[in-house]
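As a plain string of letters, each chain reads:
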Number of protein chains: 4
Amino acid sequence: MNATPLHEQFVSPFGWRYGSDDMRRLWSLAHRRRLWRRLWVALAEAQQHAGLVTAAQVADLRAHQDDIDLDRAHALEKELQHDLMAEVHTYAEQCPVGGGIIHLGATSMDIEDNADALCLREALSLLTQRLATVLAALADRMEAAADHVCMAFTHLQPAEPTTVGYRLAFTAQDLLADYHTLRQLAAEIRGKGFKGAVGTAAAYEELLHGTGLTAPEMEQRIMQALNLPVYDITHQTYPRRQDWLILNGLAGLALTAYKFAFDVRLLQSPPVGEWQEPFGSRQIGSSAMPFKRNPIHAENIDSLARFVAALPRVAWDNAAHSLLERTLDDSANRRAVLPEAFLATDEIVQRLGRLVQGLRVEEAAIQRNLATYGVFAATERLLMQAVRRGGDRQVLHEVIRQHSLAAWAALQQGQPNPLAALLAADDRLTRWLPAADIATALNAAQHIGDAPERTRRLAATIRAALA
Amino acid sequence: MNATPLHEQFVSPFGWRYGSDDMRRLWSLAHRRRLWRRLWVALAEAQQHAGLVTAAQVADLRAHQDDIDLDRAHALEKELQHDLMAEVHTYAEQCPVGGGIIHLGATSMDIEDNADALCLREALSLLTQRLATVLAALADRMEAAADHVCMAFTHLQPAEPTTVGYRLAFTAQDLLADYHTLRQLAAEIRGKGFKGAVGTAAAYEELLHGTGLTAPEMEQRIMQALNLPVYDITHQTYPRRQDWLILNGLAGLALTAYKFAFDVRLLQSPPVGEWQEPFGSRQIGSSAMPFKRNPIHAENIDSLARFVAALPRVAWDNAAHSLLERTLDDSANRRAVLPEAFLATDEIVQRLGRLVQGLRVEEAAIQRNLATYGVFAATERLLMQAVRRGGDRQVLHEVIRQHSLAAWAALQQGQPNPLAALLAADDRLTRWLPAADIATALNAAQHIGDAPERTRRLAATIRAALA
Amino acid sequence: MNATPLHEQFVSPFGWRYGSDDMRRLWSLAHRRRLWRRLWVALAEAQQHAGLVTAAQVADLRAHQDDIDLDRAHALEKELQHDLMAEVHTYAEQCPVGGGIIHLGATSMDIEDNADALCLREALSLLTQRLATVLAALADRMEAAADHVCMAFTHLQPAEPTTVGYRLAFTAQDLLADYHTLRQLAAEIRGKGFKGAVGTAAAYEELLHGTGLTAPEMEQRIMQALNLPVYDITHQTYPRRQDWLILNGLAGLALTAYKFAFDVRLLQSPPVGEWQEPFGSRQIGSSAMPFKRNPIHAENIDSLARFVAALPRVAWDNAAHSLLERTLDDSANRRAVLPEAFLATDEIVQRLGRLVQGLRVEEAAIQRNLATYGVFAATERLLMQAVRRGGDRQVLHEVIRQHSLAAWAALQQGQPNPLAALLAADDRLTRWLPAADIATALNAAQHIGDAPERTRRLAATIRAALA
Amino acid sequence: MNATPLHEQFVSPFGWRYGSDDMRRLWSLAHRRRLWRRLWVALAEAQQHAGLVTAAQVADLRAHQDDIDLDRAHALEKELQHDLMAEVHTYAEQCPVGGGIIHLGATSMDIEDNADALCLREALSLLTQRLATVLAALADRMEAAADHVCMAFTHLQPAEPTTVGYRLAFTAQDLLADYHTLRQLAAEIRGKGFKGAVGTAAAYEELLHGTGLTAPEMEQRIMQALNLPVYDITHQTYPRRQDWLILNGLAGLALTAYKFAFDVRLLQSPPVGEWQEPFGSRQIGSSAMPFKRNPIHAENIDSLARFVAALPRVAWDNAAHSLLERTLDDSANRRAVLPEAFLATDEIVQRLGRLVQGLRVEEAAIQRNLATYGVFAATERLLMQAVRRGGDRQVLHEVIRQHSLAAWAALQQGQPNPLAALLAADDRLTRWLPAADIATALNAAQHIGDAPERTRRLAATIRAALA
């Protein structure tokens, strides 16, 4: 593109750092050209059926379908100032027999816009595959931890207990919704079809006049060959709301990942300390500061998710301002927004996979937090049971209150929570409930409702959806 | 809410100016309270089944279900600093028998969040109904104008012809997609169900212990009574991504309306002049300046649509930051964003309906523009036909080019387009094509492909979808 | 506005719940009308100077300047379908002498747009005053806590120590920038002036022809009377980028508050527990669950800040699409966006003030966290000092590493950090450094650089700025 | 970065297509490394002053300051997993004498963050220079066209006349504001300075202990050498609101350009036809369709401006979530957002320059529109003058009304406006005003107020600002 060495130019982080090579290939110049050629071949095949072109011409085109030559194309583009026409000429030079009938009767957007639709579908499929892997891993993790009790937090304040698996299930439920959304988007992607400059297909009707093939029939043949559904009504392009819907699908996935990654960051903070990102041998972290492990995947996910969240608005604006039969103010920003949204989401999903698979659950910290905070929440159960057995509610409430305040003061000093011990040693309470029953009542592990069952049910649902 | 007269306070334009009274009622304080009471009754009914409350208690609640008393509730709220608990007390005062069991075992969000889901569903249904009316009118208009040829514009430049109906069909296709989206959203809205403070349903399990009814069974009974599906996994609230999906649905409708309204504004501009907003007897416009008709509905639609487009991002942020088992940073902005998004969209749809039904198509302007610009586009057909009959392509192209330049110069001076006449009088052309055939070839009305058929097909699709 | 009782309609939360009555008054219908009348009086005064109207007429207008009568105006509006003309008529009915010359030669936007500028300036001034109070309180708090050592966190991981005051100073520095920005915005607000329908002032020039007063002179007289600078170039309105700049100013303040409030929420989380929102006698929180204190102000701030952050984009769109000499697609959304942005920010600032003034710093928690985490960070200093006195770096590093791992294991179990004790008891270390020196080296309080001085310097800067 | 050929990967359009090579160089990897090295040299110089490093060491660093070797650095990065440390090692290998003291006592963000500030300042300066050129050209154009009368449009409806220069002045006034904003931003950019991991400068204080140089003095020396002001208070980075302010500055410029480009697109639409983008010999456009000129620069500007408008929100989010002493969720998106915002804006400014300099004003179209619409607006003046000379207002108004309706009907048929002729031929009017006076009264050229004077005044202001 120019002679300056790459390191003296701007190279987008989506050009190498973020996103997979597979995804990057889909958004490459070469892939785009190959899609164009695929469309030209399909067009010629349909025109052969109409008798407009010969079998030999089509065969010639087919033979050179993948022989893109970007050097030649760029040289021609400098002359022609039009990238698609430069590709037509490059291709034509390679096809002595069929070169002359490439792009016959077509407008640029009949080729480019259908190619875009194909590319978007491939990119969605790639993401969906990756997402399936993450979901499968998540189903395993949540099921395995379905009964693993831990403290739940509302307002970032300890509340009642939940389970590690149920917490993962919240993310899994959203992620499954994202998976269905992306699959549906891929299944429903439609191309513009072959409808010419303003969507009426007038030029094709003219061209096909007397051939026995109509314009809609020609379009149908081509789109079936591409296995690509078509918008029945378009102007010069497919309705740009399709871009917006797709970017919304990506932003939804980014949303799920963002919340999960933020939770990881909170839970990885040493004062809580319940979850840890996986870390390799390289990332041992300082042994002198053994807590020092930055949640690098989670921070990266949140950073990129925030970027993805900003992009649907650009697509909304494009669609909203595609005035009358089309204005071209979508073109420049689509070159950046569409690939970068997919590459950022691709990176997010890959890191999410690493997080889910490698997440370390720190049992000691979970037990510490349950011991510290779970017992407060459980005193209500204790009170109910003691009252049921004849205790005076007012008296017992005051007993609990006093010990709770003392326990809180101890916690503030960094000591373990003495509340269970204090309560089990108070005869105003033990006269109604034996110490063993007190311990049972205060056991948060009993206080998790049917969360484990629902967690397992969702795991099964996910497996069924992926099957 | 306070004693200052309304006109000395801020009254939101969505409080009176924009949106219908029907929609406003759904977002009123009173309606919200009625929904809460409906939930408390359903909860009591299920608890009666478990034997926790008596039939008489439930009957008492049911008898006063709609007797909201906001004065009393506000007085109590001042004391209690909690609007939901104030309503519990108000309701309880009205129910001597059942008052004591209102809200039994529930957390606030079990009531509020399900009420929100019901309200959102009602609001979506109201919008969907309105949208059906607009779609039906649009189907009629587009069908009636399916063959009505006019100039199409790309890049705001005259291109080839299209038809008025086909142009309307572009909007109709998007609007039908919006209709399906909103219906699907309404059908799929799910409540939180009854799952307590952190989503485990632990408190209900405790409460129902020994009754023979489980927590999930109790939830199922209530939600069936409300005919409201439920999220299987929640934390303290339903996943806030649901708000985001709904606001996206509204933003999609706003998008369709925005583009259409912008097109109206462009086409209503006198130099084009093809479309006019309906205007009543009051709005005669200056008779001295007969062209002076501001597109007030279209401008209003675009203004509100732009507001709606900004709101999904707030919901994305809420969902993204609903950390761990829920933080409350969604609450304050949801009070504004949800109702205002619906009221703005409601106004948009109503005005869109007025536009579609009353749109005036200015035949004289359409003919003028076709006559001015259509003939240029049609010269290509003329050339092809003359060449087919034996003319020399190079010579004829030069003939057309010269006359085109002369015609353009005339147009620039504000004169009618002389091109057709110039061509029909040039014997370098008439030697190949008789003047009558020239006129036919230049007739844009022949150059609209199968746009009319597809327009009619979409009209039929819409009618089927609405049936 | 209509007869339905308020509680059966939608009442925006900014109509009563959020924002102050003072701010609400500025955005009231009545205030708007008073501003209009003030502009009409100023216009008449300037026209009196030109000899177009009489002193008696002006005096009559001045006498009734504040006698707005919204009932009458609304009745007239129903007829006239134009709120400004209805006010003209209402005012005129009250002024038997001067009524006829109200609005002489003016277009609506000459009145409305200048009134908007005045209103925006008042709203900015009100906010700025509130902000000054918050800043003064913050300066006191940060200065008082300038030397109060606590753990700093990066990546939500404990890092090195900082001080409470320095942490507050980060917010204070941003808030001072917000203060300067809002003051500058208020000082620079410009009105449209009196330039007629397309900004040329042609109608005024016509009107003033032969009076000896020119249109720019008339404008200057009026704007000086209002003490309002003027855009030299306008079309029908002042450039709408001004709205965008103002909303950006509010979004900047919302940004500062958002980060601070989020920090409060994190620090108020009991596992960290260093900061607490103020809470009144009502909000004692459960004594059985003494840690249960929801950060309600901070969550509210973050919720509203997120709403404010979405609004500048609407203003950008308005300005971007104010096509040619003005389109009206700004009007509808400005009625909501401008007042709601100010009312939300007003609420944010008030709550921020409450947070800053009432913030409780929990000494026990700070000491606990320093004791738990500070010592790890300080081992590096210990190592350096021991090596300086002759110790072998490799050996000592291994000593520290072993004890650190043991200490971390203890922390994970919820025990106090034993690291300092372990190190002070290891003779491989005490042979180089006496135990007392080890304690000193591990004292985080010594490791805070010049943060206290810079904190105090900023406090002084703030006081100087507010003086 | 990897071995796949570039055309099989994603290459951002900002990597070659949009933005200048100058701007791209500022955002290159190589430039970034050079800035890092500049910071290390400045750090070493200050440390030499403190006696921590020797003159020979500093001289060695200085000698190799620009010898970046990205191949070596990438090889090392693979081992070290840290780009900045890889550069330290690469540099150190080149400096046998000084290599060991590179980065002495520093944290990564002391280097990276100050380098970012320097880069942002360079990028702002480059933009500002380009903008100065555009402004100068705009001042010339608007002054030259200050008296060039044309129709003004409100609501896209013809209104009163304005002048071409005054219309340009609206853009120029905004662009001058953008210019001042960008210059101010460049002047006020501040670095983090040298404050270590959490902003306290504790590590530097430790390092400098006993040298006679304090940490703030060291920072001051370095920052003076860089001529870069410094934030007095930071945590690990400079406050990220700075990024937001800068992106807002770019979005403001994008806003100005967007509105202007949209106006160009409207005015270039052939039914209006007053303005045309410059077009080269290549872009002759079809001579058969002489009106067919797509506004490619203007569409491109609007497309990129819309992208730029979406980006400040990402920076707001980064700043809002830079929690406690810093989280790293800004990092990934900043790599894309900052350079792409600048490169997009750079492209916008360059195209804006081409538009301004090459804009073709189509005199014929302007006269046609004035003749078509201007006369309607002018009838009010005619009426006033005839009444002044004794005519009956009611009668004359009816005369004008009738002729106006007839004239409008003629326009609708594509005929020139006959109104002036009809009025001049009606003796009900000529009895009061001779036909010549009628022609004068109807001459829109007289009806432009003091717009020309204000246009010229702004041109002078711009020139003074640029001087």
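Residues numbered from 1 in each chain as written. Chains lettered and ligands numbered in written order. Predicted model: local features only at pLDDT ≥ 70, side-chain atom pairs only at ≥ 80, totals over all residues.

In this section: the overall build of chain A. On a plain count of helices and strands, chain A comes out with 19 helices and four strands. A globule of 467 residues ought to have a C-alpha radius of gyration of about 23 Å, yet chain A, at 31 Å, is considerably larger. Classification of the 467 residues of chain A by burial places 61% in the buried group. Considering only residue pairs separated by 6 or more positions, chain A has 76% of its internal contacts joining residues 24 or more positions apart. (Helix = DSSP H or I, 4+ residues; strand = E, 2+ residues; numbered from the N terminus. Rg over C-alpha atoms; globule rule 2.2 N^0.38 Å. Buried ≥ 20, exposed ≤ 12 C-beta atoms within 10 Å, placed from the backbone. Contact = placed C-beta atoms within 7 Å.)

Right, let's get into the packing of helix α2 (residues 29–49) of chain B against helix α9 (residues 215–226) of chain B. Residues and elements named next belong to chain B. The contact between α2 and α9 brings their axes to 9 Å, and the two run at 135°. The angle between α2 and α9 places the two elements in the oblique class. Note that α2 runs across α9; the crossing there is right-handed. Contacts from Ala 42, Leu 43, Glu 45, Ala 46 and His 49 of α2 reach α9 at Met 218, Arg 221, Ile 222, Ala 225 and Leu 226. Class assignment for the residues of the contact of α2 with α9 results in seven nonpolar, one polar and two charged. (Axes fitted to C-alpha atoms, helices over the stretch in contact; angles between N-to-C directions. Parallel < 35°, antiparallel > 145°, perpendicular 65-115°, else oblique. Left-handed = near helix turned anticlockwise from the far one by under 90°. Nonpolar A, V, L, I, M, F, W, Y, C, P; charged D, E, K, R; others polar.)

Attention shifts here to the interface of chain D and chain A. Interfaces are often described in size by the accessible area the parts lose on coming together. Taken residue by residue, the interface counts 50 residues in chain D and 50 residues in chain A. Counting residues per element, the ones that place at least two in the side of chain D that touches chain A are α1 (21–26), α2 (29–49), α11 (296–310), α12 (312–320) and α13 (331–358) of chain D. Take the side of chain D that touches chain A: its biggest share by element is nine residues, from α13 of chain D. Taken together, the residues of the side of chain D that touches chain A sort by class into 22 nonpolar, 14 polar and 14 charged.

Let us look at helix α10 (residues 241–268) of chain B. When the terminal C-alpha atoms of α10 of chain B are compared, their 40 Å separation across 28 residues agrees well with the 40 Å that a helix rising 1.5 Å per residue should span. Burial runs high along α10 of chain B: 28 of the 28 residues are buried. (Expected span 1.5 Å × (residues − 1).)

As a further point, take the interface of chain B and chain A. Residue-level contacts link 60 residues of chain B with 60 residues of chain A. At the level of secondary structure, the elements contributing two or more residues to the side of chain B that touches chain A comprise β1 (149–154), β2 (157–163), α7 (164–188), α8 (202–208), α9, α10, α12 (312–320) and α19 (451–466) of chain B. Broken down by element, the side of chain B that touches chain A gets its largest block of residues, 11 residues, from α10 of chain B. When the residues that make up the side of chain B that touches chain A are grouped by side-chain class, the tally is 31 nonpolar, 14 polar and 15 charged.

Before going further, it helps to examine the relation of the copies chain D and chain A. Relative to chain A, chain D is turned by 180° and slid 0.0 Å along the rotation axis, the superposed coordinates differing by an RMSD of 0.1 Å. Given the turn and translation reported, the copies of this chain are related as if by a two-fold rotation axis. Most of the interface of chain D is mirrored in chain A, where 100% of its interface residues are also at the interface. (Least-squares fit on C-alpha atoms with pLDDT ≥ 70 in both.)

With that out of the way, let us pick up the relation of the copies chain B and chain A. Laying chain B over chain A is done by rotating through 180° and shifting 0.0 Å along the axis; what remains is an RMSD of 0.1 Å. Of the interface residues in chain B, 100% have counterparts in chain A that sit at the interface too, so the contact is made through matching surfaces.

Glancing now at the pairing of strand β2 (residues 157–163) of chain D. Residues and elements named next belong to chain D. In terms of residue burial, β2 counts as a mostly covered element, since seven of its seven residues are buried. Sheet analysis places strand β1 (residues 149–154) next to β2, joined by five bridges and oriented antiparallel. Counterpart to Met 151 in the pairing with β2 is Pro 161. (Pairing = 2+ DSSP bridges.)

All names here are of chain A. Domains assigned within chain A are domain 1 (12–101) and domain 2 (108–119 + 167–278 + 291–361). Averaged C-alpha coordinates put domain 1 and domain 2 at centres separated by 24 Å. Elements represented by at least two residues in the side of domain 1 that touches domain 2 include exactly α1 (21–26) and α2 (29–49). Here the element with the most residues in the side of domain 1 that touches domain 2 is α2; it accounts for 10 residues. (Domains from an automatic or database assignment.)

Let us look at the environment of Ala 386 of chain D. Its place among the elements puts Ala 386 of chain D in helix α14 (residues 363–388). A sequence separation of 10 residues divides Ala 386 of chain D from Leu 396 of chain D, and the C-alpha atoms of the two residues are 8.1 Å apart.

Attention now goes to the environment of Val 356 of chain A. Residue and element names in this part refer to chain A. Summarising the element assignment, Val 356 is placed in helix α13 (residues 331–358). By C-beta crowding, Val 356 is classed as buried, having 25 other C-beta atoms within 10 Å. Sequence-distant contacts of Val 356, that is, excluding residues within four places in its chain, are made with Val 134, Ala 137, Leu 138 and Arg 141.

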